[in-house]
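Each chain, written out:
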Amino acid sequence: MIKLTKKISQTFVLAAASVLMLGACADDSTSDSSSEASGSSGEAQEFDFSHMFPSNHVMETEVVQEFKALTEDATNSEVQIISYPGAQLAEPDAQYETAATGVADMGFSVHSYTPGQFPLTSVMELPFMSETGVEGSQILWELYEEFPELQDEYEDTVPLWTATSEPGQIFTVGKQVKSVEDLEGMRIRSPSPEVNRWLEEMGATPVSMSMNETYEALERGVVDGTVGPFHTLLDYSLHEVIDYVTVGNFYMTTFFAVMNQSSWDSISEENQSAMEDINGEHMSQVVGETMDKRAEEAAQAAEEAGAEFYELSDEENEEWSEYLQPAIDAWIEDKEEKGLPGQDIYDRAIELGSE
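The notes below deal with the structure included here. (Residues numbered from 1 in each chain as written. Predicted model: local features only at pLDDT ≥ 70, side-chain atom pairs only at ≥ 80, totals over all residues. Heavy atoms only, no water.)

What to know about the nonpolar core
- The biggest cluster of nonpolar side chains holds 29 residues, and the ones touching the most others in it are Phe49, Phe67, Phe108 and Trp161.
- Of all elements in the fold, only β1 (45-51), α3 (58-74), β2 (79-84), β3 (106-110), β4 (157-172), β8 (244-260) and α12 (281-304) reach the threshold of two or more residues within this core.
- Apart from the residues lying within four places of it in its own chain, the contact partners of Phe67 are Phe49, Ile81, Met106, Leu160, Trp161, Met275, Ile278, Asn279 and Met283.
- Among the nonpolar cores identified, the runner-up in size contains 28 residues, and Tyr96, Tyr144, Phe147 and Ile332 belong to it. (Core = buried A, V, L, I, M, F, W, Y, C linked by side-chain atoms within 4.5 Å. Buried < 20%, exposed > 50% of the residue type's maximum accessible area, 1.4 Å probe, protein only. Helix = DSSP H or I, 4+ residues; strand = E, 2+ residues; numbered from the N terminus. Contact = heavy atoms within 4.5 Å.)

Put into structure tokens, the structure is as follows:
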């Protein structure tokens, strides 16, 4: 359930000169005020939903449109969602702030576009956290519900959902990566500081850039490969330029959708209750399912395009884990030094993933 952190209070200042007039209209005024507070007028409210994904992306067609349909159905169309895809209202790294400040009513984007803003949420970007988007999304939402410190990362908004992609793999051009040693000296596009750490541990040079820039960087040899979830192969046409896929479940992309607090408070309690059955766990699962389905389609497209796949064995995973562990330890230490429950969050995430 969504935990509200603020409530809007209404204060009515009565001017002395209008006391008699207000007194005469007391019954009507009380009725109107009550109607506004409960939202029982039946009038439709429109809310802008801003996000970074293109209009033909599954996040728009299957996630945002699903959220819109479910919300409007549950509230008898009293709450209506107007989607603005393709970063029309804000850049990808400004979606959270756009919702928090009320520039738009809702914002949807990727956590790692604002490094450091969601320190505990980034636990799901560590290696080997989950094998599917559905499982990863469930873990992240349960962590949100259990840890007040994680809730604090969203304290100036109302979270609609948090979720993860399917696991991220290594995609390369010209050279196949089968072992830790194969990464030595390679320039690999990295999505986040968490991934930077373990790439450096393995002797690779992480290169930070947006996914929109990655196709050209791979095609022109600016980077030798990229780390990313399977769906990016299809959504960004990377299957056209990569030669090899190394499957090891190395990290997960995480997503958020949040709502402006005042916008949420303007919704009647009845409609808030209806939306709470949709938000949170349910929509987190919708995102996870969408990502897992897209991953299957993308892997097939890459295979048909001629990419060669290599899946790490259990024995090889153990070797990789030894090299990846320092990055995990560094993440935990960094959070603990900042007074955050890094160890507890990590341990609980692992526990939830093993259930």
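Overview of the side chain of Ser122
- Here Ser122 lies in the loop between β3 and α5 (133-146).
- Ser122 sits in the buried class, given a relative accessible area of 5%.

Some words on the pairing of β3
- Most of β3 is tucked away: 5 of the 5 residues are buried.
- Of the two faces of β3, the one holding Met106, Phe108 and Val110 and the one holding Gly107 and Ser109 are both buried throughout.
- In terms of strand pairing, β1 meets β3 through 3 bridges, oriented parallel. If you follow His51 over to β3, its bridge partner there is Phe108. (Pairing = 2+ DSSP bridges.)

Remarks on unusual backbone geometry
- In this model, Asn76 sits at a positive phi of 55°, which is unusual for a non-glycine residue.
- Following the sequence through the fold, Asn76 ends up in the loop between α3 and β2.
- Its identity as a non-glycine residue notwithstanding, Phe128 has a phi of 60°, on the positive side.
- Within the fold, Phe128 resides in the loop between β3 and α5.
- Residue Phe128 is classed as partly exposed on the basis of its relative accessible area of 28%.

Things to note about the packing of helix α7 (residues 193-201) against helix α13 (residues 314-337)
- With their axes 8 Å apart at the nearest point, α7 and α13 run at an angle of 140° to one another. Where α7 crosses over α13, the two elements pack in a sense that is right-handed. Residue-level inspection shows Glu194, Arg197, Trp198 and Glu201 of α7 in contact with α13, the latter providing Tyr323, Leu324, Pro326, Ala327, Ala330 and Trp331.
- A breakdown of the residues in the contact of α7 with α13 according to their chemical character gives 7 nonpolar, no polar and 3 charged. (Axes fitted to C-alpha atoms, helices over the stretch in contact; angles between N-to-C directions. Left-handed = near helix turned anticlockwise from the far one by under 90°. Nonpolar A, V, L, I, M, F, W, Y, C, P; charged D, E, K, R; others polar.)

Section: the environment of Glu145
- Along the chain, the position of Glu145 falls in helix α5.
- A residue is classified by how much of its surface remains accessible, and Glu145, at 32% relative accessible area, is partly exposed.

Function cannot be inferred from these measures alone, as they are strictly geometric.
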